[in-house]
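Single-letter residue listing:
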Amino acid sequence: MGSARFGAADAGLASAQPFSLGGGPRFAALPITVARIVVKRDRLVCDVRVAPGFSREVTPRLAAAVRTRFPQVEGHACVNEVGDTFGAVLDHASIPHLVEHLAIQRQADAEETRVRAGRPGDRMAPFVGVTEWVDREAGIARVQLSYRDDLEVLQALRDAVAFVNAAL
């Protein structure tokens, strides 16, 4: 989940839509904002910004909140320098990397709800994501998320960012 790679870099552009969870004065005080979103055929690509003055890494308080609300993310597969799960790096992961895993979990939760309701839809490969710093000093990272439903991935991203903002 953490560092799975997608297909050709820019192949499959479905639509490019300027969408922002931040940027306006109303959102200026939020620790985490999404500055840009591009919806491609196989993934959503967004720039996640950590505002100046906020930690770029998960804090102990935030890690505790994640473990309480989303304990499943610790077991997510994640290619990292410490282990093979996100739990191995949760305590010192970047905030954008956490947003990636929370958005993946929210999509998995939505799929599980559909299955329980008897509407399984198409069962495909697991959700995957990639996070990399575009400009660490400026607090900007690119997060890529696979999806089955473009509206669900957008909602999952909003939920993830809202959770992190509330927990910080």
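Here the structure is a predicted model, which is why all the values come from computation and not from measurement.

1. Description of the overall build of the chain
And step 1. Secondary structure summary: the chain contains three helices and five strands in total.
And step 2. Taken from N to C terminus, the helices and strands of the chain fall in the order β-β-β-α-α-β-β-α.
And step 3. A burial count over the chain gives 43% of its 168 residues as buried.
And step 4. In the chain, once contacts between residues fewer than 6 apart in sequence are set aside, the share between residues at least 24 apart is 66%.
And step 5. Accessible surface for the chain amounts to roughly 8500 Å². Of this, 55% is attributable to carbon and sulfur atoms.

2. Notes on the pattern of salt bridges
And step 1. Across all of its chains, the model carries nine salt bridges by this definition.
And step 2. Across the salt bridge formed by Arg-36 and Asp-47, the nearest N and O atoms sit 3.2 Å from each other. In this pair, Arg-36 sits in strand E2 (residues 32-40) while Asp-47 sits in strand E3 (residues 44-50), placing the two residues eleven residues apart along the sequence.
And step 3. Classification of Arg-36 as partly exposed rests on a relative accessible area of 31%.
And step 4. Three or more residues are tied together by salt bridges with common partners; here these are Arg-36, Asp-47 and Arg-142.

3. Re the nonpolar core
And step 1. Within the largest apolar cluster, 38 residues are counted, with the highest numbers of intra-cluster contacts made by Leu-44, Leu-62, Val-66, Leu-98, Leu-102 and Val-164.
And step 2. Put simply, the parts of the chain that give this core at least two residues each are E2, E3, helix H1 (60-69), helix H2 (95-116), strand E5 (140-145) and helix H3 (150-167).
And step 3. Top contributing element to this core by residue count: H3, with nine residues.

4. Some thoughts on the environment of Leu-30
And step 1. For Leu-30, the location among the structural elements is in the loop between strand E1 (13-17) and E2.
And step 2. Looking at Leu-30, the relative accessible area reads 27%, which means it is partly exposed.
And step 3. Between the alpha carbons of Leu-30 and Ala-51 there is a distance of 7.2 Å; along the sequence they are 21 residues apart.

5. As for the pairing of strand E4 (residues 129-135)
And step 1. As paired elements, E4 and E5 share six bridges and run antiparallel to each other. What sits directly across from Val-130, in E5, is Gln-144.
And step 2. Here E4 folds back onto E5, and the loop between the two strands holds four residues, one of which, Gly-139, carries a positive phi near 80°.

6. A word on the pairing of E5
And step 1. Here six bridges tie E3 to E5, and the two strands are oriented antiparallel to one another. Residue pairing in the sheet places Asp-47 in a bridge with Arg-142 of E5.

7. Topic: the environment of Val-128
And step 1. In this fold, Val-128 is placed in the loop between H2 and E4.
And step 2. Owing to a relative accessible area of 22%, Val-128 belongs among the partly exposed residues under this scheme.
And step 3. Taking the C-alpha atoms as reference, Val-128 lies 8.3 Å from Gln-144; in sequence the two are 16 residues apart.

What counts, and where the lines are drawn
Residues numbered from 1 in each chain as written. Predicted model: local features only at pLDDT ≥ 70, side-chain atom pairs only at ≥ 80, totals over all residues. Heavy atoms only, no water. Helix = DSSP H or I, 4+ residues; strand = E, 2+ residues; numbered from the N terminus. Buried < 20%, exposed > 50% of the residue type's maximum accessible area, 1.4 Å probe, protein only. Contact = heavy atoms within 4.5 Å. Areas by Shrake-Rupley, 256 points an atom, 1.4 Å probe, with all protein chains shown as cover. Salt bridge = Lys/Arg side-chain N within 4 Å of Asp/Glu carboxyl O. Core = buried A, V, L, I, M, F, W, Y, C linked by side-chain atoms within 4.5 Å. Pairing = 2+ DSSP bridges.

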